[in-house]
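Next come the chains, spelled out residue by residue.
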Amino acid sequence: MSIYDSLNNEQKQAVMHTEGPVLILAGAGSGKTRVLVHRIAYMIEEKGIAPYNILAITFTNKAAGEMRERVDNLVGFGSEQIWVATFHSTCVRILRRHIDLLGFDTNFTIYDSDDSKSVMKQVFKNLNIDNKQLKEKRVLNAISSAKDELIGPEQFERDAFGYDEQRIATCYKEYQEVLRSSNALDFDDIIFKTVELFKTHPEVLDNYSERFRYIMVDEYQDTNIAQYELIRLLAKKYRNLCVVGDDDQSIYKFRGANIRNILDFEQHFEEAFVIKLEQNYRSTQNILDAANAVIRNNVGRKEKALWTSQGEGDKLHFRQFDTAYEEAEYIADDLEREVRKAHVRFKECAVLYRTNAQSRILEEKFVRDGIPYNLVGGVNFYDRKEIKDMLAYLRMVDNARDDLQVKRIINVPRRGIGQTTIDRITTYAREHALTFYEACEEVRDIPSIGAAAKKIEGFVDMVRVMRASAPEYGLRGLINDIIERTGYIAELQASEEEDAEDRIDNIYELVNKIVYYEDTTDEPSLSGFLEEVALVSDLDDMDEQEDRAVLMTIHAAKGLEFERVYIAGCEDGVFPSYMSMMDTDPDAIEEERRLAYVGITRAKKDLTITYARCRMNKGEFQYNPVSRFVREIPEHLLDNTLPKQKKVELDSYDNDSYERNIFKAKPFGLGNGSTAGNVFGVGSGISSGNVFGAGSGISKGFGSLATGSTSASKAGSKNGKPSSTLNAMSAFSKGMAKADKLEYGVGDRVSHVKYGQGTVLDILDDVKDYKVTVEFDGAGKKVMYAMFAKLKKI
DNA sequence: CGTAGTTTTGTTTTT
DNA sequence: CAAAACTACG
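Attention here is on the structure that accompanies the text. (Residues numbered from 1 in each chain as written. Chains lettered and ligands numbered in written order. Predicted model: local features only at pLDDT ≥ 70, side-chain atom pairs only at ≥ 80, totals over all residues. Heavy atoms only, no water.)

Observations concerning helix α9 (residues 187–200)
For α9, built from 14 residues, the straight-helix expectation of 20 Å at 1.5 Å per residue is met to within 8% by its first-to-last C-alpha distance of 21 Å. Of all 14 residues making up α9, 10 are buried, and the element is well covered by its neighbours. For α9, the side-chain oxygen to backbone nitrogen distance between the N-cap and Asp188 is 3.1 Å, and the N-cap itself is Asp186. (Helix = DSSP H or I, 4+ residues; strand = E, 2+ residues; numbered from the N terminus. Expected span 1.5 Å × (residues − 1). Buried < 20%, exposed > 50% of the residue type's maximum accessible area, 1.4 Å probe, protein only. Polar contact = N/O pair within 3.5 Å; in protein donor to acceptor, adjacent residues only side chain to side chain.)

Overview of the packing of α9 against helix α10 (residues 202–211)
Between α9 and α10, whose axes approach to 5 Å, the crossing angle comes to 105°. It follows from the interaxial angle that α9 and α10 lie roughly perpendicular. For the pair α9 and α10, contact is made by Leu197, Phe198 and Thr200 and by Pro202, Val204, Leu205 and Tyr208, respectively. Looking at the contact of α9 with α10 residue by residue, the classes come out as 6 nonpolar, 1 polar and no charged. (Axes fitted to C-alpha atoms, helices over the stretch in contact; angles between N-to-C directions. Parallel < 35°, antiparallel > 145°, perpendicular 65-115°, else oblique. Contact = heavy atoms within 4.5 Å. Nonpolar A, V, L, I, M, F, W, Y, C, P; charged D, E, K, R; others polar.)

Considering unusual backbone geometry
Note that the residue after Val412, namely Pro413, is joined by a cis bond; omega there is -5°. Examined against the element boundaries, Pro413 turns out to sit in the loop between α18 (403–409) and α19 (419–431). That bond from Phe575 to Pro576 is cis: its omega, 5°, falls within 30 degrees of zero. Among the structural elements, Pro576 can be located in the loop between β13 (562–567) and α26 (578–582). One non-glycine residue, Asn128, lies in positive phi territory at about 55°. Counting through the fold element by element, Asn128 comes out in the loop between α5 (113–126) and α6 (136–148). The exposed category is assigned to Asn128, whose relative accessible area is 72%.

Remarks on the sheet that holds strand β6 (residues 214–217)
Within a sheet, adjacent strands bond to each other through the backbone by hydrogen bonds, running parallel or antiparallel. Pairing is parallel in the open sheet, where 6 strands are placed in the order β3-β2-β6-β7-β1-β8. Strands at the two margins of the open sheet, each flanked by one partner only, are β3 (83–86) and β8 (273–277). Shown here is a sheet whose adjacent strand axes are inclined to one another by a mean of 15°, direction ignored. In the sheet, strand β1 (residues 22–26) pairs with strand β7 (residues 241–245) via 4 bridges, with the strands oriented parallel. Paired with Leu25 across the bridge in β7 is Gly245. Sheet strands in contact with helix α4 (residues 87–98) are β2 (54–58), β3 and β6, and its direction is about 110° off that of β3. (Pairing = 2+ DSSP bridges.)

Notes on the pairing of β13
Within β13, 6 of the 6 residues are buried, leaving the element largely enclosed by the surrounding structure. Here strand β10 (residues 349–353) pairs with β13 via 4 bridges, running parallel. Paired with Val351 across the two strands is Tyr566, which belongs to β13. Of the strand pairs in this sheet, β13 and strand β14 (residues 603–617) are connected by 5 bridges, and their pairing is parallel. Bridging across to β14, Arg564 finds its partner in Asp606.

Considering the protein's contact with DNA strand C
Lining the immediate environment of DNA strand C, one finds 7 residues, of which Lys117, Lys121, Arg360, Lys618 and Gly619 sit closest. Near the protein, meaning within 4 Å, the atoms of DNA strand C are sugar or phosphate in a fraction of 50%, with bases accounting for the rest. Within the side chain of Lys117, one N or O atom sits 3.2 Å away from a phosphate oxygen of DNA strand C. (Near = heavy atom within 4 Å.)

Topic: the pattern of salt bridges
Counted by the stated rule, this structure contains 67 salt bridges. The partner of Asp218 in a salt bridge is Lys32, with the nearest N and O atoms 3.2 Å apart. Of this pair, Asp218 sits in the loop between β6 and α11 (225–235) while Lys32 sits in helix α2 (residues 32–45), and the two are 186 residues apart along the sequence. Taking the relative accessible area as the measure of exposure, Asp218 reaches 4% and is therefore buried. The partner of Arg593 in a salt bridge is Glu632, with the nearest N and O atoms 2.7 Å apart. Note that Arg593 is positioned in helix α27 (residues 586–600) and Glu632 in the loop between α28 (628–631) and α29 (647–650), a separation of 39 residues in sequence. Assigned by exposure class, Arg593 and Glu632 land together as buried. Counted as one network, the salt bridges with shared partners bring together Asp246, Asp247, Asp248, Arg301, Glu303 and Lys304. (Salt bridge = Lys/Arg side-chain N within 4 Å of Asp/Glu carboxyl O.)

Such coordinate-based values are descriptive only and should not be taken to indicate function.
Here you go:
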């Protein structure tokens, strides 16, 4: 009896074929992760390959984490030496060691798409480009695609055709220039620069080729040209490259994924051994039949048909509704019903949709029904303003050349430094070839700054102190120092804004994460933490322990499986998207169809497809026909008949007549049903006692909910983005402790860094900390947490 | 310089 | 509809 006996024939072949190029075409649910993990075990235990020589690359941190865990469980000795990582983190690790060869500092910063946008705005300013004629977004997209195809600024310029492209070429050059002077890389650069490094420094490549003698790549259908090239270079020497993928699940073309990489693998690597995994261990036959029927409509795919030895199972459920509200209501009700009947648990259910915008209505109904849920995607925890501000401070301390961060927070909280001053410093910096911060240091030499100079000097002093004390402070010390020195939380507390408390909680949550990172990482460093933040997405640290249903896009659901799946918004114009229907390239619809295939195959036992005749989009009511993908499912697999196709709809594959189907309609009462309704707050939870992801931002009538969430142990935060990333650990249980008692009492005179002197009116002993109310002589009445207020008794 | 109020604009998906 | 960008005023 060995661990390999549990594999089927094809899986075994894939596992045991360890030498040379291998292509594993793994249909959905065919156990590809199992194969990869067993293959690694086989290589080590049966072939005596050193764990050190193995590299396994995935796309998401979640996939990497899952594989890591399963490998650790299966491989007894030396499993920690196996390199399991995403493309991005692999490349970052390599660049941190060698990027000085390309003229960057090894402590470079990683810019997210928001940062990129800011850089592009600066570029437009520098080049005097009117953003009405050329959109930043368009330029960024063009640059991103270019990088995906390994086209650098010089080549882009050479190939530029026409006025617009030439201007984009100029922007591209300038954009890279700004990044370089900021010692920063954007997402695409991470791969691009690694390839560049390998190409220009063969000795570095050789070093890694020697190390990674056995390479495995998961989700190969999603690789772009740059990633392909990276893998090709690494595998060139030993040629032990095993790729796993499914051309039918290629859904990232917009991100540069090149489906040809997998379709042409046998041409790229001539002696490739190819194996197909078609036995599905996940879904019922009915679900597979539906998936197969849909995907069959695509041309230019590798023929395969999933089958299962499980029974045919229930029919697929199809439900149609008049409005998106009724659709959402049904999904929430039905899901709750099924859980109550003990057919499934919440966490075994997922609601999938095409666009993030669709999540709102669903969330609203889930909150109303008290159904615990996690929302994946949408606004990331790290995308919130207060978190980005805090991170900007950290990044500024970490990388002195990061102008962007300095500009972001130089006036946050307000220091009376306005746009004019910032522009003047920017100009001065450019003229003297300085970074923005260096220019700030020389502020008294800048003419025409006048009164603002003093404020800048104050800022520079503050940054100096932060930088100087950072090394001895440790990370938690640094973040606390920043919070205190900037008075960021103090300002929030003082503000009248409704969501101030939530934002304060979010900041505490960030402190939690920092403390957690510092305590659980071998060699914690500021760069290390920031890197993790930059490369981690919401999905990655979704907590599966908790019993919550999941709401997410179909894209985000790839690689996951659920007992019960709802696919909402199955309408032509939503799914497939309006864009893809209008696209002249037939592959646009095919990609949407692959997405449908991915969605359907997430379900193990039950699949519910819903359709809403009318839905609100960009402030207009849209009337859409049933999705063509639903019509591609044989009717005998559905438990309901589809609405009759109307004459107009028969032609709906034709773009022009489709357009006639979209009406502009005035709201006629439908609108109200959505936002009215009594929604009750977090505290009321559900019987099981689970606190659910509170979407306080969902409805404006929610005032009390926002406050209530503060005291909930696991409250969601503002904007209805439940805190899937937040952990229960309280900011106050680690890192910072609530004082046993305060040195001042009611009636005492105290002083505050920002607001000056005042009289304590009230002290409330809250769970986390004392809430102190102070009447300041100058600034009026403020309520603040004692821990951060740092009040001194006079 | 800061803010409140007004206008405009939305590519759908994301490492 | 909602977020972002812009404008005008104190």
